[in-house]
Amino acid sequence: MDFNAAIAMNDQTWEKSIIPRLSEYVRIPAKSPLFDPDWSVNGHMDKAADLMAGWCREQEVTGLSVE
């Protein structure tokens, strides 16, 4: 792959995959237990972790695992 093709692929990945997922992530009001005493009940931390784990699982990276 040439340099320009690599740059284009990188830009496309950021625009179509990474930025939308990060935007969704920052909308989740996941705060540390010091700021959200009911963090466990509210489930925001779990939602944020599940969102990012889901994105990782969607990637076609040989040997990638998510725990």
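Whatever comes next refers back to the structure up there.
The model shown is predicted, which means the values in this text are computed figures rather than measured ones. (Residues numbered from 1 in each chain as written. Predicted model: local features only at pLDDT ≥ 70, side-chain atom pairs only at ≥ 80, totals over all residues. Heavy atoms only, no water.)

(A) Focus on the pattern of salt bridges. Applying the stated criterion to the full structure yields one salt bridge. The salt bridge partner of arginine 21 is glutamate 58, with a shortest N-O separation of 3.0 Å. With arginine 21 in helix α1 (residues 3-27) and glutamate 58 in helix α3 (residues 44-58), the pair connects residues that are 37 residues apart, well separated along the chain. (Salt bridge = Lys/Arg side-chain N within 4 Å of Asp/Glu carboxyl O. Helix = DSSP H or I, 4+ residues; strand = E, 2+ residues; numbered from the N terminus.)

(B) The arrangement of the environment of methionine 45 in detail. You can see methionine 45 is positioned in helix α3. A sequence separation of 33 residues divides methionine 45 from glutamine 12, and the C-alpha atoms of the two residues are 29 Å apart. With near-sequence residues (within four places) excluded, methionine 45 lies in contact with Ala30, Lys31, Ser32, Pro33 and Trp39. (Contact = heavy atoms within 4.5 Å.)

(C) A nonpolar patch on the surface, seen in detail. A cluster of nonpolar side chains, contributed by Trp14, Ile19, Leu22, Tyr25 and Val26, occupies part of the molecular surface with about 470 Å² of accessible area. Mapped onto the fold, tyrosine 25 is located in helix α1. (Patch = residues over 30% accessible without salt bridge, like charges linked within 9 Å, V, L, I, M, F, W, Y side chains within 5 Å. Areas by Shrake-Rupley, 256 points an atom, 1.4 Å probe, with all protein chains shown as cover.)

(D) Molecular detail of the packing of α1 against α3. Remark: α1 packs on α3, axes separated minimally by 10 Å, with the N-to-C direction vectors making an angle of 170 degrees. It follows from the interaxial angle that α1 and α3 lie roughly antiparallel. Both α1 and α3 take part in a crossing whose hand is right-handed. Of the residues in α3, those touching α1 at Ser17, Ile18, Arg21, Glu24 and Tyr25 are Ala48, Leu51, Met52, Gly54, Trp55 and Glu58. For the contact of α1 with α3, the per-class residue count stands at six nonpolar, two polar and three charged. (Axes fitted to C-alpha atoms, helices over the stretch in contact; angles between N-to-C directions. Parallel < 35°, antiparallel > 145°, perpendicular 65-115°, else oblique. Left-handed = near helix turned anticlockwise from the far one by under 90°. Nonpolar A, V, L, I, M, F, W, Y, C, P; charged D, E, K, R; others polar.)

(E) Spatial organisation of the side chain of arginine 21. You can call arginine 21 buried: its relative accessible area is 16%. In contact with arginine 21, not counting residues within four places along its chain, are Leu51, Met52, Gly54, Trp55 and Glu58. (Buried < 20%, exposed > 50% of the residue type's maximum accessible area, 1.4 Å probe, protein only.)

(F) Structural context of the environment of serine 17. Relative to the helices and strands, serine 17 is located in helix α1. C-alpha separation for the pair serine 17 and glutamine 59, spaced 42 residues apart in sequence, amounts to 9.8 Å. Ignoring sequence-local partners within four residues, the contact set of serine 17 consists of Gln12, Trp55 and Gln59.

(G) Focus on α3. Compared with the 21 Å implied by 1.5 Å per residue over 15 residues, the 21 Å span of α3 between its first and last C-alpha is a close match. Among all positions of α3, only Ala48, Leu51, Ala53 and Trp55 are buried. Where α3 is buried, its residues meet α1. (Expected span 1.5 Å × (residues − 1).)

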